[in-house]
Amino acid sequence: MLGLMQDRPLLITTIMEYAATYHPDHEIVTRAVEGGIHRTNYGEIAQRAARLAHALTRLGIHQGECISTLAWNSYRHLELYLAVPGMGAILNTVNPRLFPEQISYILNNSAARILFLDLTFLPQIEKLADKIPAVEKIVIMTDRAHMPATSLDNILCYEELVAAEDTRFDWPELDENTAAGLCYTSGTTGDPKGALYSHRSTVLHSLSACTRDSLGLSSAEVVLPIVPMFHVNAWGTPYAATLSGARLVLPGAEMTGENFYNLMRDEGCTIALGVPTIWLALLQYVATLKDQDLTSLPIKNFIIGGSAAAPSLIDSLEKTFDATVIHAWGMTETSPLGSVNRPLAKYAHLSDQQKMAIKVKQGRPPFGIEMKIVDDDGHDLPHDGVAFGRLMVRGPWVAKGYFKQPELNILDDDGYFDTGDVSTLDPDGYMTIVDRSKDVIKSGGEWISSIDLENIALGHPQVAEAAVIGIAHPKWQERPLLIIVPNAGETPTKQDILDYLQGKIAKWWTPDDVVFIEEMPHTATGKTQKRALRTLFSDFTFG
Ligand code: AMP
């Protein structure tokens, strides 16, 4: 027998309409790409999303086709986030930091006829123009006064496009499983792969993100997503903030510690989200400020994901701002929130050191996400915090396949997706990433976690960034090489670093060598680019 409750579909338009009805005056603040601060609110955003949907309809866009963006975190991008899926089309956010070949691959794969572009990215697209034949029109996300000179002839101006349109749109009542968003994995091997989110998965993910044990967004919070809207939907914050009515502060194109700090201070941000390198930039900037009481800022939570949050980073952020760091894990294929680290009440009495040992874990899955770890034969491993294996996840916001790649079966027999991460699960359900499976160092039949070694090396006061890669070894198969970027003006020696590690790691984990470089290569999503390091040190041998 079926229940007798109403079958209202879970649609992105319902998120928008709720915000417009119940939080119309809650602000969306943007550091505008053209300069200055721009202020709008959910009421206006919903009206402008309606105008945009009319304009797209006029341009011949119909349900099921993709619209691509190369754009920063801004109110116009939020309008696209709401209007495009709302009318039944698919929003494909493209990461402008990818290689040109990857960007053209994505634009050809999504076959978007219209590309929305922030001013910053026009030169990139001018160079790619003859490689993206499907793109018929490029909309520059600005007003007439800021329209740039360009060699392209198929250019439209965003503000002109929407200006004359109606502020009401008859949003279709779609099937909640209709595709809504398309994000590509950063593709460290092969071509990028598209995760195709649905309205249902997006709404469920947003509801989950708002819970107290997850990101904890609510109408009382002021949220600063520094994680870009071109990378896994800024971890879902544009939708979760709209759903909750949180005040949304968007940093635009200025990815500097100064911009992050000024927005946190001037807009009273309470929750900020980003990858570890962002927080390094913030900490470096605030270290230059004199006589500022940073602990009195209203910031409560820094949410860190994308790469492991080292204890030294957690400690610095918490002490500098008198805030709490929340470590989270996820991936493009998981929308992305797969686990969030909130402490259980029973940990309240633990010492700071014991609490830190828990905080560095990647956290517990929220309701909806199921996790298991398996060995190479697919057998379940115990959740004892010690055994480690391939992390497998399933849930209503986890991918079951890739866009236009029906031949790829990415699930096991029980419907779990193989994340490619190697993890432990402890008896309380906290997951710890040991490594990406391809980054783990295989030494003498045992595994060394590059993340653990990096986290410990980062605790050295002269170390800014650290990365560990495996180097082929005639006897042990692989041994760790520790690569370090020192803090500005510091010149630690190999022996300083090895002395520091001693006693903190098992002796056989000790790196066989330590080398120093000036700048760490990063991927388009802010992770350490291990592949580039492997290339850089491809001829390296231990002396
Ligand atoms: P992406 O799909 O580009 O967001 O990358 C997802 C991958 O980033 C995951 O599979 C992990 O390897 C890594 N990752 C994400 N969050 C964390 C974290 N908190 N700690 C360690 N690795 C992480």
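From a predicted model like this one, the values you see are computed outputs, not experimental measurements.

Brief notes about the overall build of the chain
Stage number 1. When helices and strands are counted, the chain shows 16 helices and 24 strands.
Stage number 2. For the C-alpha atoms alone, the extent of the chain along its principal axes is close to 70 × 65 × 50 Å.
Stage number 3. With 45 positive and 66 negative side-chain charges, the chain shows a separation of 1 Å between the mean positions of the two kinds.

A look at the pairing of strand E1 (residues 27–31)
Each regular strand displays side chains that alternate between the two surfaces of the sheet.
Stage number 1. Taken across its 5 residues, E1 has 4 buried, putting it largely inside the fold.
Stage number 2. Of the pairings in the sheet, the one linking E1 to strand E2 (residues 37–41) comprises 5 bridges and is antiparallel in character. For Arg-31, the partnering residue across the bridge sits in E2 and is Ile-37.
Stage number 3. What sits between the antiparallel neighbours E1 and E2 is a turn of 5 residues, in which Gly-35 has the positive phi angle 110°.
Stage number 4. Pairing of E1 with strand E11 (residues 247–250), which is carried by 3 bridges, proceeds in the parallel orientation.

Considerations on the pattern of salt bridges
Opposite charge on two side chains lets them pair, provided their charged atoms get close.
Stage number 1. In the structure shown here, the tally under the stated rule is 29 salt bridges.
Stage number 2. A salt bridge links Glu-159 to Arg-76; the nearest nitrogen and oxygen atoms lie 2.8 Å apart. In this pair, Glu-159 is assigned in helix H6 (residues 158–163) and Arg-76 in helix H3 (residues 75–86), connecting sequence segments 83 residues apart. For the pair Glu-159 and Arg-76, a shared accessibility class is recorded, and that class is buried.

A look at the sheet that holds strand E17 (residues 389–394)
Stage number 1. Read from one edge of the open sheet, 4 strands run E16-E17-E18-E19, paired in antiparallel fashion. Looking at which strands have only one partner, the edges of the open sheet turn out to be strand E16 (370–374) and strand E19 (431–436). With direction set aside, neighbouring strand axes in the sheet form an average angle of 50°.
Stage number 2. Here 4 bridges tie E17 to strand E18 (residues 417–425), and the two strands are oriented antiparallel to one another. Opposite Arg-390, over in E18, you have Val-422 as the bridge partner.

Considerations on the packing of helix H1 (residues 12–22) against helix H9 (residues 237–244)
Stage number 1. For the pair H1 and H9, interaxial distance at closest approach is 7 Å and the crossing angle is 45°. Comparing their axes, H9 and H1 come out oblique. The interaxial crossing formed by H1 with H9 has left-handed handedness. Along the contact surface, H1 presents Ile-12, Ile-15, Met-16, Tyr-18 and Ala-19, while H9 presents Tyr-239, Thr-242 and Leu-243.
Stage number 2. The residue makeup of the contact of H1 with H9, split by class, is 7 nonpolar, 1 polar and no charged.

Let's talk about helix H14 (residues 450–457)
Stage number 1. For H14, the tally of buried residues reaches 6 of 8 residues, placing the bulk of the element in the interior.
Stage number 2. Among the residues of H14, those classed as buried are Ser-450, Ile-451, Leu-453, Glu-454, Asn-455 and Ala-457.

A word on the site of the ligand
Stage number 1. Around the ligand there are 16 residues in total, and Ala-328, Thr-332, Gln-362, Asp-421 and Arg-436 lie nearest to it.
Stage number 2. Between an oxygen atom of the ligand and a side-chain N or O atom of Asp-421, the distance comes to 2.6 Å.
Stage number 3. Contact between the ligand and Lys-527: an oxygen atom at 3.0 Å from a side-chain N or O atom of the residue.
Stage number 4. The greatest single-element share of the shell around the ligand, amounting to 4 residues, is contributed by strand E14 (residues 324–330).
Stage number 5. A class-by-class count of the residues in the shell around the ligand yields 5 nonpolar, 8 polar and 3 charged.

Some points on the packing of aromatic side chains
Stage number 1. Per the counting criterion, the structure on display carries 14 aromatic pairs.
Stage number 2. For the ring pair Tyr-81 and Tyr-239, a centre distance of 5.2 Å and an interplane angle of 40° mean the geometry is tilted. Of the two residues, Tyr-81 sits in helix H3 while Tyr-239 sits in helix H9, which places them 158 residues apart along the sequence.
Stage number 3. On the basis of relative accessible area, Tyr-239 is assigned to the buried category, the value being 5%.
Stage number 4. Centroid distance Tyr-347 to Tyr-430: 5.8 Å. Interplanar angle 50°. Geometry classified as tilted. On the criterion of sequence distance, the pair formed by Tyr-347 in the loop between strand E15 (337–340) and helix H13 (352–359) and Tyr-430 in the loop between E18 and E19 is long-range, its members being 83 residues apart.
Stage number 5. For Tyr-347, a relative accessible area of 10% gives the class buried.
Stage number 6. Grouped by ring-pair contacts, the aromatic residues Trp-72, Phe-121 and Phe-230 constitute a single cluster.
Stage number 7. Above the face of the Tyr-416 ring, Lys-372 is positioned so that its terminal group lies 4.3 Å from the ring centre.
Stage number 8. Note that Lys-504 overlies the ring of Tyr-500, its terminal NZ or CZ placed 3.8 Å from the centroid.

Digging into the sheet that holds E15
Backbone-to-backbone hydrogen bonds join strands into a sheet, with any given pair of strands oriented parallel or antiparallel.
Stage number 1. Strand order in the open sheet formed by 8 strands is E2-E1-E11-E10-E12-E13-E14-E15, with mixed pairing between adjacent strands. If you trace the sheet from one side to the other, it starts and ends with E2 and E15, each paired once. Here the strands of the sheet are splayed against their neighbours by 20° on average, with no regard to which way each runs.

As for the nonpolar core
Stage number 1. Membership of the largest hydrophobic core comes to 91 residues, with the highest contact counts inside it found for Phe-116, Trp-279, Leu-282, Phe-302, Leu-317 and Phe-321.
Stage number 2. Per element, the largest residue contribution to this core is 9 residues, and it comes from helix H2 (residues 42–58).
Stage number 3. When sequence neighbours within four positions are dropped, the list of residues in contact with Trp-279 reads Ile-226, Ala-272, Leu-273, Gly-274, Phe-302, Ile-303, Ile-304, Leu-313 and Leu-317.
Stage number 4. Formed by 29 residues, the second largest nonpolar core is a distinct cluster that contains Leu-70, Leu-98, Ile-132 and Ala-524.

Points about the domain arrangement of the chain
Stage number 1. Split into domains, the chain comes out as domain 1 (12–255) and domain 2 (441–536).
Stage number 2. Spacing between the C-alpha centres of domain 1 and domain 2 amounts to 38 Å.
Stage number 3. Each partner contributes to the roughly 520 Å² buried at the junction of domain 1 and domain 2, and carbon and sulfur atoms together form 56% of this total.
Stage number 4. Counting across the interface, domain 1 meets domain 2 through 1 residue pair in polar contact (both at pLDDT 80 or more).
Stage number 5. Here the side of domain 1 that touches domain 2 is built from residues that sort into 2 nonpolar, 4 polar and 1 charged.

Rules used throughout
- Residue indices begin from 1 for each chain and proceed along its sequence in written order.
- Reporting in this predicted model follows two pLDDT cut-offs: at least 70 for local features of residues, and 80 or more for side-chain atom pairs to be given and counted; totals over whole chains, interfaces and linings ignore these cut-offs and use all residues.
- With hydrogens and water set aside, each side-chain value is computed from the structure's full complement of heavy atoms.
- Only DSSP runs of H or I reaching four residues or more are called helices, and only runs of E reaching two or more are called strands; each is numbered from the N terminus.
- Within this scheme the basic residues Lys and Arg register as positive and the acidic residues Asp and Glu register as negative, but His and the chain ends are omitted.
- Think of each charge as sitting on NZ of Lys, CZ of Arg, CG of Asp or CD of Glu.
- The buried label applies to any residue whose accessible area, calculated with a 1.4 Å probe on protein chains only, is under 20% of its type's maximum; exposed applies above 50%, and partly exposed to all values in between.
- For two strands to pair, DSSP has to find at least two bridges joining them.
- A pair is scored as a salt bridge if a Lys or Arg side-chain nitrogen falls within 4 Å of a carboxyl oxygen belonging to Asp or Glu.
- As a rule, the C-alpha atoms of each element are fitted with a line to give its axis, helices using only the stretch in contact, and angles between N-to-C directions run from 0 to 180 degrees.
- Should an angle fall under 35 degrees it is taken as roughly parallel, and over 145 as roughly antiparallel, whereas 65 to 115 is taken as roughly perpendicular and any remaining angle as oblique.
- Take the far helix as your reference; a near helix turned counterclockwise from it by less than a right angle gives a left-handed crossing, and one turned clockwise gives a right-handed crossing.
- Working rule for contacts: check all heavy atoms of both residues, and any pair within 4.5 Å makes them a contact.
- Polar here means any residue outside two lists: the nonpolar Ala, Val, Leu, Ile, Met, Phe, Trp, Tyr, Cys and Pro, and the charged Asp, Glu, Lys and Arg; Gly therefore counts as polar.
- Being near a molecule or strand, for a residue, comes down to having at least one heavy atom within 4 Å of it.
- Counting of polar contacts relies on pairs of N or O atoms within 3.5 Å, with two restrictions inside protein: one atom must be capable of donating a hydrogen and the other of accepting it, and residues adjacent in sequence are counted only when both atoms are side-chain atoms.
- Working definition: rings of Phe, Tyr and Trp (its six-membered ring) pair if their centres are within 6.5 Å, and the pair is stacked with planes under 30 degrees apart, edge-to-face with planes over 60 apart, and tilted otherwise.
- For a lysine, the NZ atom is tested; for an arginine, the CZ atom; a charge sits over a ring if that atom is within 6 Å of the ring centre and within 35 degrees of the ring normal.
- Remark: nonpolar core denotes a set of buried residues (Ala, Val, Leu, Ile, Met, Phe, Trp, Tyr, Cys) joined through side-chain atoms within 4.5 Å.
- In this document the domain limits rely on a domain assignment from an automatic tool or a database.
- Buried area: the accessible surface (1.4 Å probe) lost by two parts on joining, summed over both.

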